[in-house]
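Chain by chain, the residues:
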Amino acid sequence: AVVDDGGALGEASVRVAAGRPAELVRADLRAVPGDVTLARGRLYADVPVAVTLLPYPTSEGLDARDQLHYVSLGAIAVHAAQVRGVQLGTAAATTRDGLDGVQLSGGLAYTGGTARGLQLAPITSAAQLRGVQLGVVNVAGDHRGLSLGVVHVSRTSRGVPLALVPVVGDGMHHAELWAGTDGQVYVGGKLGSRRVYTQYAAGLGRLGPSLGLGFGLRASGRGGWRVDVDALHVLTGWTDALDWRPALRVTVARPLRGEHFAPFV
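Residues numbered from 1 in each chain as written. Predicted model: local features only at pLDDT ≥ 70, side-chain atom pairs only at ≥ 80, totals over all residues. Heavy atoms only, no water.

1. Remarks on the confidence of the model for the protein
Right, so step 1: With 90% of its residues at a pLDDT of 70 or more, the protein has an overall mean of 86.
Right, so step 2: Per-element mean pLDDT across the protein ranges from 85 in strand S4 (residues 45–52) up to 97 in strand S10 (residues 132–134).
Right, so step 3: Low pLDDT (under 50) marks residues 57–64, which in the prediction has ten contacts with non-local residues, meaning those over four places away or in another chain. (pLDDT = per-residue confidence, 0-100. Helix = DSSP H or I, 4+ residues; strand = E, 2+ residues; numbered from the N terminus. Contact = heavy atoms within 4.5 Å.)

So this is what it looks like as structure tokens:
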């Protein structure tokens, strides 16, 4: 039993026999220290301006390294538990719990929590994206923002992944075959989220070989109906007579039932 007497804690053990009363008296109590407890969540030390050479090791305990930075600068790399403002690292800028602001780096911009704001670096990464990623390679676990880059990788996306190669776990991974009004027969594919995708095309016909690249939007309706609008640029012809021209494709379709193979009619 623990007795709290105005903040003075005393503890005693009491043996209770079956069917018989037991008495606890003050003389049985021995003084014990209290335990420091926190409500759910973390307690951060506010640091208005942090300047570092290299990031110190992260810590899961409640100490000086659980810091909330408002201006976070690293000559080589910088790390904070959380950033609400600006974080800049020459080689790397990282946070453990989240970002609300701008994260800039010449190499890696990473947050282990939710990124709200802007990540700008050759490689950007966030556990959850609710802002904008600008990089050569953009990575997110749960993507619900805007990504602009060469490669995009995410587990799930309800945002806009604009990239030459967008790979989304629950998004589009489609292969296609169609004929164009220009007399070409094309094979192609779509990669992207469920609404925004990158379109690829390779064709052959009376105009010679064709290569196409563009972006598209998908709208879904009742009964499984879908409308895809693709805007592509297509390079057609042989090396001595190349023709670079835009192309527009609109598809109104309803896929047949199928888990892995769903032909459109």
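2. Description of the sheet that holds strand S1 (residues 2–5)
Adjacent strands of a sheet form backbone hydrogen bonds with each other and so pair up, either parallel or antiparallel.
Right, so step 1: Across the sheet, which stays open at both edges, the three strands sit in the order S1-S2-S3 with antiparallel pairing between neighbours. Lying at the two open borders of the sheet, with one neighbouring strand each, are S1 and strand S3 (30–31). (Pairing = 2+ DSSP bridges.)

3. A short note on a nonpolar patch on the surface
Right, so step 1: A cluster of nonpolar residues, Val136, Val150, Val153, Leu164, Val165, Val167, Leu213 and Phe215, forms a patch on the protein surface that exposes about 570 Å² of accessible area.
Right, so step 2: Only strand S12 (146–157), strand S13 (160–168) and strand S17 (208–220) provide two or more residues apiece to the nonpolar patch.
Right, so step 3: Ranked by residue count, the leading element in the nonpolar patch is S13, at three residues.
Right, so step 4: Mapped onto the elements, Phe215 comes out in strand S17.
Right, so step 5: In this structure Phe215 comes out as partly exposed when scored by relative accessible area, which is 37%. (Patch = residues over 30% accessible without salt bridge, like charges linked within 9 Å, V, L, I, M, F, W, Y side chains within 5 Å. Areas by Shrake-Rupley, 256 points an atom, 1.4 Å probe, with all protein chains shown as cover. Salt bridge = Lys/Arg side-chain N within 4 Å of Asp/Glu carboxyl O. Buried < 20%, exposed > 50% of the residue type's maximum accessible area, 1.4 Å probe, protein only.)

4. Some points on the pattern of salt bridges
Right, so step 1: Enumeration according to the criterion identifies 13 salt bridges in this entry.
Right, so step 2: In this structure, Arg249 engages Glu176 in a salt bridge whose closest nitrogen and oxygen atoms are separated by 3.0 Å. Of the two residues, Arg249 sits in strand S19 (residues 243–253) while Glu176 sits in strand S14 (residues 172–179), which places them 73 residues apart along the sequence.
Right, so step 3: One salt bridge in this structure joins Asp230 and Arg249, with 2.6 Å as the shortest N-O distance. Here Asp230 is found in strand S18 (residues 226–236), whereas its partner Arg249 is found in strand S19, with 19 residues between them in sequence.
Right, so step 4: Within the structure, one salt-bridge network assembled from shared partners comprises Glu176, Lys190, Arg218, Asp228, Asp230 and Arg249.

5. A few points about the pairing of S18
Right, so step 1: With eleven bridges connecting them, S17 and S18 associate as antiparallel partners. Counterpart to Gly214 in the pairing with S18 is Leu232.
Right, so step 2: Following S17, the chain reverses through five residues before pairing antiparallel with S18; Gly223 in that reversal takes a positive phi of roughly 75°.
Right, so step 3: One ladder, built from eleven bridges, connects S18 with S19; its direction is antiparallel. The residue bridging Asp230 from the neighbouring strand is Arg249, located in S19.
Right, so step 4: As consecutive antiparallel partners, S18 and S19 are separated by six residues, and within that stretch Gly237 has a phi angle of approximately 110°, a positive value.

6. A short note on the side chain of Thr198
Right, so step 1: Of note, Thr198 is situated in strand S16 (residues 196–205).
Right, so step 2: Here Ala163 takes part through its backbone oxygen, which lies 2.7 Å from a polar atom of the side chain of Thr198. (Polar contact = N/O pair within 3.5 Å; in protein donor to acceptor, adjacent residues only side chain to side chain.)

7. Description of the nonpolar core
Right, so step 1: Counting residues in hydrophobic clusters, the biggest one holds seven residues: Ala80, Val83, Leu99, Ala115, Ala126, Leu129 and Ala140.
Right, so step 2: When residues of this core are traced back to their parent elements, those giving at least two are strand S6 (77–89) and strand S9 (123–129).
Right, so step 3: Here Ala126 is in contact with Thr111, Gly113, Ala115, Gln119, Gln133, Val139, Ala140 and Gly141, once residues within four sequence places are set aside.
Right, so step 4: Tyr186, Ala201, Leu232 and Val234 belong to the second largest nonpolar core, which has five residues in total. (Core = buried A, V, L, I, M, F, W, Y, C linked by side-chain atoms within 4.5 Å.)

8. Regarding the packing of aromatic side chains
Right, so step 1: For the structure on display, the rule yields one aromatic pair.
Right, so step 2: Measuring from centroid to centroid gives 5.4 Å for Trp178 and Tyr186, while their planes differ by 15°, and the two rings are stacked. The burial state of Trp178 is the same as that of Tyr186; both residues are buried.
Right, so step 3: Between Arg249 and the ring centre of Trp178, over which it is positioned, the NZ or CZ distance is 4.1 Å. (Phe/Tyr/Trp six-rings, centres within 6.5 Å; stacked < 30°, edge-to-face > 60°. Lys NZ or Arg CZ within 6 Å of the ring centre and 35° of its normal.)

9. Thoughts on the sheet that holds S14
Right, so step 1: Strand order in the open sheet formed by six strands is S14-S15-S16-S17-S18-S19, and the pairing between neighbours is antiparallel. At either margin of the open sheet sits one strand with a lone partner, and together these are S14 and S19. The mean angle between the axes of side-by-side strands here comes to 20°, regardless of whether they run parallel or antiparallel.
Right, so step 2: Taken together, the ten bridges between S16 and S17 define a ladder with antiparallel strand orientation. (Axes fitted to C-alpha atoms, helices over the stretch in contact; angles between N-to-C directions.)

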